[in-house]
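Notes for the structure review
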Amino acid sequence: MYTSENIKRRNPVGSSFSRDQGHQQQQDDHHYNSQNENQNRASADPYGPNPLKPAFQQQQQHQQQHQSSVAAYGYRDHYQFGYAPPRKEYSANKYIRFYQENDYILIPTLLTLVSFWTRFRDIKSSDYVVWDEAHFGKFGSFYIKGDFYFDVHPPLGKMLVGLSGALAGYDGTFGFDSGAKYPDINYGFMRIFNAFFGAIMVPLAYWTSQELRMSQAACIFAAVLVLFDNAYLTISRFILLDSMLLAATCFVFFCLTRFRNERHDPFSLDWWLWLAMTGVAIGLVSSIKWVGLFVTALVGLNTIEELWDLFGDLSLPKTTYVKHWVARAACLIALPFSVYVASFALHFAILRNSGPGDAQMSSLFQAGLNGNDFRNNPLYVAYGSKVTIKNTGYGGGLLHSHVQTFPEGSGQQQVTCYHHKDNNNNWVIKNVKSEEVPEDAGSPRILRNGNLIRLGHEQTNRSLHSHRIKAPVTSAQWEVSGYGDDTTNDANDEWVIEVVDENSHHPKDGQLRSLSTTFRLRHRVLGCLLTAENVNLPQWGFRQIEVTCDTRNRTNSPHSIWNIEQHWNDNLPAGEGNLYKSKFWKDFWHLNVAMMTSNNALIPDPDKEDVLASNPSQWPLLAVGLRMCGWGDDAVKFYLLGNPIVWWGGTLSLGVFALTVCYYIVRRQRKFQDVTPMEWDQFLSAGKLLVGGWFLHYIPFCIMGRVTYLHHYFPALYFSLLLFSFVIDHFVNRPGVSRKVRNVVWAVAFTAVTFTFLFFWDVSYGIRGPAAETMTSRQWRGAWNIIDDHKPNTFI
Amino acid sequence: ATGSESTLRQRSTVPKHTPPTDSNTAATEDAPKKVIKSVFTSAEKTNSLIALAGLTALAIVSRFYKINEPDEVVFDEVHFGKFASYYLRGSYFFDVHPPLAKMMLAAMGYFIGYDGHFLFDNIGDKYNDNNVPYIGLRALPAFLGAMTVPLVYMTMREAGFPILTCALAAFFVIFDNMLVTQTRLILLDSMLVFFMMCSIYSYVRFYKTRNNPFSLKWWSWMIATGISIALTTSVKMVGLFTVATIGVAVIWDLWELLDIRRRLTMQQFMNHFYARAIGLILIPVVVYLFWFYVHFAILINSGPGDDFMSTEFQETLKGNTMADGIYVKYGDNITIRHKDTSVYLHSHAHNYPLRYDDGRISSAGQQVTGYSHEDPNNLWQIYSDNVENTKIGNQVKDKDVIRLLHVATSSWLLAHDVASPTMTTNEEITTYSTNEDGSRFNETTFQIILESGGDKLRTMASNFKLLHQSTKVAIWTHSQKLPDWGFEQQEVNGNKNLVQKSNLWLSDNIEGKNASEIDQESSKAVKTRSFILKFLELQGKMISHNAGLTDSHPYQSSPIEWPFLVRGISFWTENETRKQIYLIGNPLGMWIAVASLAVIIGVSGADLLSRRRGFYPLNQDVQKRFYYATGFFFIGWIFHYIPFFLMGRALFLHHYMPALVFSYMVLAAVHGFIFIEGVDGPISDPGPETRPRQLQRAIVPVIAYATGIILMAIHLGSFLFFAPLSYGTSAPSVAGLARRKFLPQWDYHFAK
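Every residue gets a number counted from 1 within its own chain, in the order that chain's sequence is written. All chains are assigned letters beginning at A, and all ligands numbers beginning at 1, according to the order in which they are written. In keeping with the model being predicted, local features are shown solely for residues with a pLDDT of at least 70 and side-chain atom pairs are shown and tallied solely at 80 or more, while totals for entire chains, interfaces and linings include all residues. The side-chain values count all of the structure's non-hydrogen atoms but skip hydrogen atoms and water molecules.

Turning to the overall build of chain A, a few remarks are in order. The number of helices and strands found in chain A is 22 helices and 14 strands. Taking all 796 residues of chain A together, the buried fraction comes to 57%. By definition, residues are in contact when any of their heavy atoms lie within 4.5 Å. In chain A, 74% of the contacts between residues at least 6 apart in sequence involve partners at least 24 apart. Note on areas: Shrake-Rupley, 1.4 Å probe, and residue coverage restricted to the protein chains presented here. If you sum the accessible surface of chain A, you get close to 32400 Å²; carbon and sulfur atoms cover 59% of it. In DSSP terms, a helix is any run of H or I states spanning at least four residues, a strand is any run of E spanning at least two, and both are numbered starting from the N terminus. Each residue is assigned to one of three classes by its accessible area relative to the maximum for its type, calculated with a 1.4 Å probe on protein chains only: buried under 20%, partly exposed between the two thresholds, exposed over 50%.

Laid out in structure tokens, this is it:
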């Protein structure tokens, strides 16, 4: 089948000018069509002149550059090999001409207006707290009140929610209980504020597609995919972080593509501008949710690729190459990090009052919050004092115990570290049996370095105990449990105080002071150190942090060092209110570690099936939707569900792209020239970004152990949508595809997306009345629970 | 680029970037027509054979030294010895590993007259007391472990390395403590590594015949490769890593063949492709399946592995209990037992408390619980939902809608939309007295869905779900105990997640039908099932159970610790004599090997960067050998090591063994790269179209021998120092153990 005749026909790469006659003819025909078309065609070369190409090629490209007029915003008109430069032919009709001259501004404006309308219309239709508004509305309230709270997400998005509340005149007193009816607050404004971010995704998609050198129809189609996706629409219309995250992700990607297109002109003003904008954007997106790190990774990989390309450019002076490195390090590392840190600085500056999140932070930080009563702690800790004991490690919690027992090991009462303040954190410092000293004899005996103590749990009267039994998770260390009481206790309840440091102006005299003295607790018999190392217990331990007795004697590990946080003792005078300032960097790091620890604890409970959670394998083909509120017949019901055509198309395009690339690569190995080298570069470089973006936003969810939800797929979806449009564009703009076919394909695509969107209208804007009556025809997949309550899970 | 920029050693006096060999005019200086058959002289071949023989002898001695000690069950001999016994008995067992190595052990046992009477129950059980020919059983892995050594030598030799380099690699493999310990016991890893090296050796041989495609030699070595990877995978699924290593090389090779400059027509290319598809995919699959066929052919009796398999599978085994099941008819009083937790569905004349401790309110209906003991309150009478046609006496079929009457309290089982006592997400299950009006009839109907065991409800054989008709929940129980008011029995509730595996129940008994009746009713015929169905079921179970081996083990370790030998495994201890076997690699050898891996990464990185800058630091032939031979072994190390990072199961140091062999080969190759000038070549067989090639010889300077001997000395010293722990033949003193504790994590016994 492959005879020598076939082999003769192949063209070596790089000699694309010497095409044979038949091919040329075809191209010419096509060119004839495209002239009449009057539309901007996808450019052949993504970057303009490439510094890496040999000089003679560059010159050629410069010439081409001159011939093509740079007209529109962000759009350079290139032409493909074999074409004469396309010239815009303007219509004689002045209105059409006006449109033709200004389409670069008219089209995005129109798309944005439609986007605003879809996002803002009827936004107050449900007057109750929908879905996670319960969380994020509440967090916004904390900023208005200034109360310190704790959450797993960075603060920027929630501060913006707080801002929207402040602008709406909301005073922060509403509790945002799930499903509660909104009192007299302007929740509509707060929702519109959020929806704004969702709406600007549409023009961003348009402009990004332009930067990826798609045709005008493809740019519009990409924007329409975002515009008419029901999932993007639905999630944008409530007080959530997702719309901000999505908008910021889209913005990063736009900046990135824009910056790439400046690569022919390094260190120009535009180059610097878009590099810095990329940096700021990744700072913003990472300050909203850590998911932003995925798009940051995309920027990072792109940067590595660029630097590698530049490294191979032997004509580039070494100093220039170093400048490339420095510029990127400054704009893509230092700048985003500053933005991220600034968001935390603002967070700490706003939240000045003691609140529900105190316990996540160090004792000193808490003492600095308004309304905190630590300053009334008696200064010196004595036998008989009731205390709470805080681990000094980053993200450390309070020593805790509760009546539940270990299901394995000794089976005694659990001892954990816990970040929530309750009475189970209270411990009473007691004498050990071997030293019979009356506890209330005269003045209280102050604790000093080297003293032997027993720690009694106030609620259950059990003593802090350790023994030669393996700890439940960190099995190399000994278990710590609650055992015995005042009458039955043994030597395994005895702990030695080892004072480590004193964080105040007081002398280091080995006396134990609350808040400021750090100390270790060493088990007298085993010689091991009481340690809590941010390891979460399984579900039976409520995912609290495991406490072990560490035999490695790592005396400098902060996880083995503790301080007294709260202190009660009626026999001692109240403290004089000395405040020791905690340092910002310590607080910043502390909070970030705590966020990471809590995030790691969010793993699915195998015993319990969460109806809201879904598996990553279910997302690309939209096997699952999500009920965002109660499903009563009289409620306005919202169902988080994508536009199926959009989602399926996006996923399909991933496969089509992969197959196409394989096909081209294999054909190139046999030197068949299906696309010109420039088309090939363009196809690969844009596709690489899009597939890479999808991959980086999707695969991590498959690997990470934490519980995942449908909306985690939304950032990945954006990339697959652009790819969807990109792939169609690639195939309809091939030589040999007539204009008619092209128009039909686009018409079908636009119609299908639009009508499916309209068909699923109610899903996004609220289902009124019993779902079963109106929504039966929308139940396209068996596992969607729009109507039926109990649907089996399906994978894929 | 100037030479001063380079930090790399200039490899030779040959110009930095020699043009491709096929345009090299130097070749014409030799007689152009003469095709070089072999680069090695006959004296070298003799030397090589002597080295090979010597190393093989050393390998045998190292593996068989005092193989009779200890005469006790050591570590995982518990499993693999036991499995060999089951093969000899023919009783069905289940293991996560494919059958080949265990069958080899069993075959060995068969030949030496062992009948499988011993079950290897505990570490430390005495062999001599139980009359087990354990030396014979151990001889097989020990022999294959020793034979790995000549394979390593020959592989290196075929890859074109000088005798010194090959001998170094073999020496490292002989005197590695982990390889010694692990291959002289009744374990699978010896076979695994042996077959793995067979695969690598065959592939190298195959690659060297590439200039004579479709010749007999070419076919033979390709099929040998295919069979070897199949055997490797038939020992442990880890063999798939070997498959991947070979696979990558084959794909790369095909990609080169596809290149138009190779002048192959598409038809010729496809011939190459199909040939490899047959030799490296089809034949291996057949071989892999063949061992399972033998596995099923041997294990024909019911045994300890029955419970892992489906009912249909169990019915193919002689003496299985599945055939005991009798069909349940409407009107029968049955007991219903939960599959996972083995408690009976139970109810008693006590009600749920109206208000729970957390303030929630219950229906205060009669309690339904899970109870683990036999009790009259476990009896349920099975009724149809059809009141007119009660179907009494008819058999209960799949998807029938039934009602269950609690016999002792005469009330209907019922589920309703009230939160269960401990889980607010699940529904409360209660009962509803027959004395009341029938208004709650709809809440008492359940659909019975059979998950296995045919389409009629049969005791013991059928696993089923009870699906509540009106609210679509499945009756479910979990190990959560109810408080005092529920007599600490298990909570039963309605689970909204219908696909959960723990929704399954089975009926184990029909009241009043005794065993003799059962015997009359069932014929006890052993059924047959197609091989492919049995294979697919077993393979699926193997994979899911392997992934499920997540229970932590005191001696498990994480992959990142392995190359650095952070922790070993205590295999066996004897309290009286204070002897112990502690699995640990040769510490110095392994650490030097890790350093050599770093050298590989460093050199290839530096080479990549400098070539990007238009500077070619390596002589072309040296570079080619570096990437094609050393690089291939490095890829082998990567593929046999990195995938473990993705595994969720409990992992052990001995999982590093295959990768360790590769790392020693890399170490030897890196030694050669540093100290030996140039390479021997050409080493591939010449083909009809091969142009005459320039003969090249490596120069092995004295320093190479000197450093080689130093490396061997370090390796051997380190081996001997730790040998007491590897062989378990003598007990080091406390001070001696302390001296051997290079890292604090090496947790020996008797160290105090």
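From this point, the narrative continues.
Further remarks concern the packing of helix H8 (residues 189-208) of chain B against helix H17 (residues 657-675) of chain B. If you want to describe how two helices pack, look at the angle between their axes and the distance between the axes. Residues and elements named next belong to chain B. Comment: axis = line fitted to C-alpha atoms, over the contacting stretch for helices; angle = value between 0 and 180 degrees taken between N-to-C directions. At a closest axis distance of 9 Å, the pairing of H8 and H17 adopts a crossing angle of 45 degrees. Classified by the interaxial angle, the pair formed by H8 and H17 is oblique. Of the two possible hands of crossing, H8 and H17 adopt the one that is right-handed. Across from Asp-189, Leu-192, Val-193, Met-196, Met-197 and Ile-200 in H8, the residues of H17 making contact are Met-657, Pro-658, Val-661, Phe-662 and Met-665. Residue type decides the class: Asp, Glu, Lys and Arg count as charged, Ala, Val, Leu, Ile, Met, Phe, Trp, Tyr, Cys and Pro as nonpolar, and the leftover types, Gly among them, as polar. Grouping the constituent residues of the contact of H8 with H17 by class yields 10 nonpolar, no polar and one charged. Angles are sorted into four bins: roughly parallel if under 35 degrees, roughly antiparallel if over 145, roughly perpendicular if 65 to 115, and oblique for all others. Take the far helix as the reference: if the near one is turned anticlockwise from it by less than a right angle, the crossing is left-handed, and if turned clockwise, right-handed.

It is worth spelling out helix H16 (residues 584-601) of chain A at this point. Residue and element names in this part refer to chain A. Given a helix with a known number of residues, its expected span is that number minus one, times 1.5 Å. Taking 1.5 Å per residue, 18 residues should reach 26 Å; H16 reaches 26 Å between its end C-alpha atoms and fits that length. Taken residue by residue, H16 has Asp-587, Phe-588, His-590, Leu-591, Asn-592, Val-593, Ala-594, Met-595, Thr-597, Ser-598, Asn-599 and Ala-601 as its buried positions. Residues of H16 that are buried in the fold lie against helix H14 (318-350), helix H15 (363-367), strand S10 (529-536) and strand S11 (545-550).

What follows concerns the nonpolar core. Met-156, Phe-571 and Phe-633 of chain B are the most contacted members of the largest nonpolar core, which totals 154 residues. Examining the composition of this core, we find that 14 residues originate from one element, H8 of chain B, more than from any other. Excluding residues within four positions of it along the chain, Phe-571 of chain B makes contact with Val-74, Phe-75, Ile-123, Thr-181, Gln-182, Leu-185, Leu-187, Ile-581, Tyr-582 and Leu-583 of chain B. By convention a nonpolar core is built from buried Ala, Val, Leu, Ile, Met, Phe, Trp, Tyr and Cys residues, the set being connected through side-chain atoms within 4.5 Å. Counting residues in each nonpolar core, the second largest holds 147 residues, with Val-130, Leu-204, Val-675 and Leu-710 of chain A among its members.

Now for helix H17 (residues 644-669) of chain A. Between its first and last C-alpha atoms H17 of chain A spans 38 Å; for 26 residues at 1.5 Å apiece the expected length is 38 Å, and the two agree. Among the residues trailing H17 of chain A, Lys-671 of chain A stands out with phi positive, at a value near 60 degrees.

In this section: the UniProt feature "domain: MIR" (unreviewed entry) in chain B. Residues and elements named next belong to chain B. Within this numbering scheme, the UniProt entry marks residues 325-385, 393-452 and 454-510 as carrying the feature "domain: MIR" (unreviewed entry). Taken end to end, residues 325-385 comprises 0% helix and 43% strand; its first and last C-alpha atoms sit 24 Å apart. Helix makes up 0% of residues 393-452 and strand 48%, whereas the separation of the span's terminal C-alpha atoms amounts to 23 Å. UniProt positions are given in the numbering used here, feature names are shortened, and annotations may be inferred rather than shown by experiment.

Further remarks concern the interface of chain B and chain A. Counting from both sides, the interface comprises 23 residues of chain B and, opposite them, 22 residues of chain A. The contact between chain B and chain A buries some 2400 Å² in all, and 61% of this surface belongs to carbon and sulfur atoms. Note that Arg-612 of chain B and Asp-309 of chain A form a salt bridge whose closest N and O atoms lie 3.6 Å from each other. Of the residues belonging to the side of chain B that touches chain A, the class tally is 12 nonpolar, five polar and six charged. Buried area, as used here, totals the accessible surface that two parts lose on assembly, with accessibility defined by a 1.4 Å probe and the loss added over both. Each reported salt bridge corresponds to a side-chain nitrogen of Lys or Arg within 4 Å of a carboxyl oxygen of Asp or Glu.

Sequence positions flagged by UniProt for "domain: MIR" (unreviewed entry) are, in local numbering, residues 378-432, 444-500 and 509-567 of chain A. A distance of 23 Å separates the end C-alpha atoms of residues 378-432 of chain A, which is 0% helix and 44% strand.

Residue and element names in this part refer to chain B. It is the contact of helix H6 (residues 163-174) with helix H18 (residues 702-727), at a shortest axis distance of 10 Å, that shows an interaxial angle of 5 degrees. Taken as axis vectors, H6 and H18 run roughly parallel relative to one another. Taking contact as the criterion, the partners of Leu-164, Leu-168, Phe-171 and Phe-172 in H6 are, on H18, Ala-704, Tyr-705, Gly-708, Leu-711, Met-712, His-715 and Leu-716. Partitioning the contact of H6 with H18 into residue classes produces nine nonpolar, two polar and no charged.

Moving on, we come to the confidence of the model for chain B. All names here are of chain B. Summing up the model confidence of chain B, the mean pLDDT is 86 and the portion of residues at 70 or higher is 93%. Here pLDDT means the predictor's own confidence in every residue, given as a number from 0 to 100. Taken element by element, chain B is modelled with least confidence in helix H13 (residues 515-521), mean pLDDT 50, and with most confidence in helix H9 (residues 216-235), mean pLDDT 96. Note that pLDDT drops below 50 for residues 1-33; the model gives that stretch 39 contacts with residues more than four away or on any other chain. In the model output, the complex is listed with pTM 0.76 alongside ipTM 0.70.

The next thing to look at is the pattern of salt bridges. The full count for this structure, using the stated rule, is 47 salt bridges over all chains. Residue Arg-191 of chain A pairs with Glu-133 of chain A through a salt bridge whose shortest N-O separation is 2.9 Å. One end of the pair, Arg-191 of chain A, is in helix H7 (residues 187-199); the other, Glu-133 of chain A, is in helix H5 (residues 133-145), with 58 residues separating them in the sequence. Of the residues examined, Arg-191 of chain A reaches a relative accessible area of 0% and is grouped as buried. A relative accessible area of 0% places Glu-133 of chain A in the buried class. The salt bridge partner of Glu-44 of chain B is Arg-697 of chain B, with a shortest N-O separation of 2.6 Å. Taken together, the residues span a long stretch of sequence, with Glu-44 of chain B in helix H1 (residues 42-64) and Arg-697 of chain B in the loop between H17 and H18 at a distance of 653 residues.

When the centres of two rings from Phe, Tyr and Trp lie within 6.5 Å, Trp using its six-membered ring, the rings pair. Their planes under 30 degrees apart give stacked, over 60 give edge-to-face, and anything left gives tilted. Evaluated as defined, the whole model comprises 126 aromatic pairs over all chains. Look at Phe-194 of chain B and Phe-195 of chain B: their rings are 5.5 Å apart centre to centre, the planes differ by 65 degrees, and that puts the pair in the edge-to-face class. With relative accessibility at 15%, the residue Phe-194 of chain B sits in the buried group. You can call Phe-195 of chain B buried: its relative accessible area is 9%. Site record: aromatic cluster; members linked through ring pairs are Tyr-232, Phe-294, Trp-619, Trp-647, Trp-694, Phe-695, Tyr-698, Phe-701, Tyr-713 and Phe-714 of chain A. Only lysine NZ and arginine CZ atoms are considered, and such an atom sits over a ring when it is within 6 Å of the ring centre and within 35 degrees of the ring normal. When the ring centre of Phe-313 of chain B is taken as origin, the NZ or CZ atom of Lys-534 of chain B, which lies over that ring, is 6.0 Å away.

Right, let's talk about the side chain of Lys-430 of chain A for a bit. Tracing the sequence through the fold places Lys-430 of chain A in strand S4 (residues 427-430). What makes Lys-430 of chain A buried here is its relative accessible area of 9%.

Right, let's talk about a nonpolar patch on the surface for a bit. All names here are of chain A. Patch members must show over 30% relative accessible area and no salt bridge, and they are joined within 9 Å when carrying like charges or within 5 Å when they are nonpolar side chains of Val, Leu, Ile, Met, Phe, Trp or Tyr. A cluster of nonpolar side chains, namely Phe-98, Tyr-99, Tyr-104, Ile-105 and Leu-106, defines an oily patch on the protein surface of about 450 Å² accessible area. Among the structural elements, Tyr-104 can be located in helix H4 (residues 94-120). For Tyr-104, a relative accessible area of 31% puts it in the partly exposed group.

Trans peptide bonds make up most of the peptide bonds, and negative phi angles are found at most residues other than glycine. Residue and element names in this part refer to chain B. Cis geometry marks the peptide bond from Glu-69 to Pro-70, where omega comes out at -15 degrees. Relative to the elements of secondary structure, Pro-70 occurs in the loop between H1 and helix H2 (77-89). Between Gly-681 and Pro-682 the backbone carries a cis peptide bond, its omega angle lying at 0 degrees. Position of Pro-682 relative to the elements: it lies in the loop between H17 and H18.

Residue and element names in this part refer to chain A. With respect to the helices and strands, the residue Val-432 is situated in the loop between S4 and strand S5 (452-457). Residue class for Val-432 comes out buried when judged on its relative accessible area of 3%. Setting aside chain neighbours within four positions, we find Val-432 in contact with Leu-452, Ile-453, Arg-454 and Glu-494.

Our focus in this paragraph is the side chain of Ser-228 of chain B. Residue and element names in this part refer to chain B. Of note, Ser-228 is situated in helix H9. According to the relative accessible area criterion, Ser-228 is buried, its value standing at 8%. Among all residues touching Ser-228, those that are not within four sequence positions of it are Phe-195, Cys-198, Ser-199 and Ser-202.

Residues and elements named next belong to chain B. With respect to the element layout, Tyr-134 can be found in helix H5 (residues 134-158). Tyr-134 gets classed as buried once you look at its relative accessible area, which sits at 5%. Taking the C-alpha atoms as reference, Tyr-134 lies 8.4 Å from Ile-186; in sequence the two are 52 residues apart. Those residues in contact with Tyr-134, other than ones at most four positions away along the chain, are Ile-67, Asn-68, Pro-70, Asp-71, Tyr-127 and Asn-128.

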